[in-house]
Amino acid sequence: MQISKDTSRTGETMNTSRSAGASSPVNGKQVNDWDTRRKRKIADIKQALSASPVDVAALRRMAISEGGLLTDEIRCQVWPRLLNVPPHVLEQEPETVERENNKDYNQVLLDVQRSLRRFPPGMPDEQREGLQEELIDIILLVLKRNPQLHYYQGYHDIVVTFLLVLGERLATALVEKLSTHHLRDFMDPTMDNTKHILNYLMPIIDRVNPEVHDFMQQAEVGTVFALSWLITWFGHVLSDFRHVVRLYDFFLACHPLMPIYFAAVIVLYREEEVLECECDMAMVHHLLSQIPQDLPYETLISRAGDLFVQFPPSEMAREAASHDSMAASTFKDFDLASTQQRPDSVLRRRRRQKQAALDSSAANAVVAVARPSAARRLVRLAVMGLTVALGAAALAVVNTALEWAPKLDLFP
């Protein structure tokens, strides 16, 4: 089935300039080879879409593998399949939402007004303002239809990505499905479930590189630095839209915890920077919160898939639960930082407040965090060097995603 493009799309120019060929190698001798692989991939995607029933597992593999789904035109056809949104839902026109006396409207309006950098550079003001109005409507409509969901700051960063790629009609349908599944934990009345997901970060890092883990623990940096990565699917922190949609291809095809694995891979990739940093809470927090814009995304995506296969969520759950007390502390820092205070100063203040209590237990804590044997450390470090054949890794991730994926309203 071919899904027609939404008439509210911002135009083919934006489509090709902002996300076509995302993260693809296009230098020198690689050009012809990449063009060949790209054409083959497009043919494979079309074949999977035309199969009866649609080959969703193949589409997931295509979304995960090098280059992702390549263009927004393809994403318009594949993203609904990855989220299992049935055709009749996609064809529904969004209803009008009353803004007056809406409890979320003022906060949504403020966040959307601050989202100027998420729109293509040079876009006419009138066109951008029209898209911002559509962005507000999508968010308020999803919240109206699902009163159990609670808006959070950062949600608009995800919604605007879907709007720019899909247009208002398709974006509304997909964002609603995403909000009730992948993003559901972030939309609770409290941040307890968000905190729990962040708790997976340090155990994953520990499995791969205990030295980095121990350094971060000693610095007491916590996981607040990765909060905006997680709850916006990196949309808030990456400046190149091509990289954002490439990650969305990956995340939509995978288990909902994959973004935290990708966050761990970014930290591990920056091992040298982390270990060379002063072992101070504020210094390490500042370093990690400034995400590089020139990351090797395809390599990191592959490694995140490898880590998911090596250390699946079921295996990491107990260790994540054991990090609960630390996460609870760091979320108090987040609450303070979110009131327009500088995160670094907040972290320094809390460190001073806790120092007296920590002094009495420091010796026991050092003894408790026993260093692994040299052999065990080498095994863990080797994980990052593993290059699991992408087909095998992607297949394992896809199988997990298919087991988790909502089975409501299967496609005909």
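Residues numbered from 1 in each chain as written. Predicted model: local features only at pLDDT ≥ 70, side-chain atom pairs only at ≥ 80, totals over all residues. Heavy atoms only, no water.

Taking an unreviewed UniProt entry as the reference, the protein chain is identified by name as TBC1 domain family member 20 belonging to Perca fluviatilis.

**Description of the side chain of Gln132**
Inclusion rule: Helix and strand assignments follow DSSP, with helices taken as H or I runs no shorter than four residues and strands as E runs no shorter than two, numbered in order from the N terminus. For every residue, the accessible area obtained with a 1.4 Å probe (protein chains only) is divided by the maximum for its type, and the residue is called buried under 20%, exposed over 50%, and partly exposed between those limits. N or O atoms closer than or at 3.5 Å make up a polar contact, with two conditions inside protein: a donor-capable atom paired with an acceptor-capable one, and, for residues adjacent in sequence, both atoms drawn from side chains.
Following the sequence through the fold, Gln132 ends up in helix 7 (residues 125-145). With a relative accessible area of 9%, Gln132 lands in the buried category. A distance of 3.0 Å separates a polar atom in the side chain of Gln132 from the backbone oxygen of Val112.

**Concerning the packing of aromatic side chains**
Quick note on the threshold: Pairing of aromatic rings covers Phe, Tyr and Trp, the last through its six-membered ring, and needs centres within 6.5 Å; plane angles under 30 degrees mean stacked, over 60 mean edge-to-face, and all others mean tilted.
Tallied over the full model, the rule gives 15 aromatic pairs. Measuring from ring centre to ring centre gives 5.5 Å for Phe225 and Trp229, while their planes differ by 75°; the resulting arrangement is edge-to-face. For Phe225, a relative accessible area of 3% puts it in the buried group. Three or more aromatic residues joined by ring pairs make a cluster, and in this case those are Trp79, Phe162, Phe225, Trp229, Trp233, Phe234, Tyr248, Phe250, Phe251 and Phe262.

**Examining the state of the cysteines**
Note the following rule: Disulfides are defined as cysteine sulfur pairs within 2.5 Å.
Per the counting criterion, the structure on display carries 0 disulfides. For Cys277, which is in no disulfide, the shortest distance to another cysteine sulfur is to Cys279 and amounts to 8.2 Å.

**Comments concerning the pattern of salt bridges**
Stated precisely, the cut-off is as follows: The working definition used for a salt bridge is a side-chain nitrogen of Lys or Arg within 4 Å of a carboxyl oxygen of Asp or Glu.
One pass over the structure, following the stated rule, counts 22 salt bridges. Asp137 serves as the salt-bridge partner of Arg99, at 2.9 Å between the closest nitrogen and oxygen. On the criterion of sequence distance, the pair formed by Arg99 in the loop between helix 5 (87-90) and helix 6 (105-113) and Asp137 in helix 7 is long-range, its members being 38 residues apart. Two residues, Arg242 and Asp240, come together in a salt bridge whose shortest N-O distance is 2.7 Å. We classify Arg242 as partly exposed; its relative accessible area is 30%. Ionic contacts of the salt-bridge type, sharing partners, join the residues Glu95, Lys144, Arg145 and Glu176 into one network.

**Looking at the UniProt feature "transmembrane region" (unreviewed entry) in the protein chain**
The cut-off we apply is this: UniProt positions are given in the numbering used here, feature names are shortened, and annotations may be inferred rather than shown by experiment.
In this structure's numbering, the residues bearing the UniProt feature "transmembrane region" (unreviewed entry) are residues 250-269 and 381-402. Segment residues 250-269 splits into 75% helix and 0% strand. End C-alpha atoms: 18 Å apart.

**A look at unusual backbone geometry**
In this structure, the amide linkage connecting Ser52 to the following residue, Pro53, adopts the cis form with an omega of 0°. By secondary structure assignment, the location of Pro53 is in the loop between helix 2 (30-50) and helix 3 (56-64).

**So, helix 12 (residues 210-219)**
Of all the 10 residues making up helix 12, 7 are buried; the element is thus mostly covered by neighbouring parts of the structure. All of the buried residues along helix 12 are Pro210, Val212, His213, Asp214, Phe215, Met216 and Ala219. The positive-phi residue at the C-terminal boundary of helix 12 is Glu220, with phi of around 55°.

**Topic: the confidence of the model for the protein chain**
Heads up, the condition is: pLDDT measures the predictor's confidence residue by residue and takes values from 0 up to 100. Contact between two residues is taken to exist if any of their heavy atoms lie within 4.5 Å; hydrogens are not considered.
A residue-level look at the protein chain finds 71% of positions with pLDDT of 70 or above and a mean pLDDT of 80. When mean pLDDT is taken per element in the protein chain, helix 15 (residues 258-269) scores highest with 98 and helix 22 (residues 374-385) scores lowest with 37. For residues 1-24, every residue scores under 50 in pLDDT, and the model assigns this stretch 70 contacts once sequence neighbours within four places are set aside.

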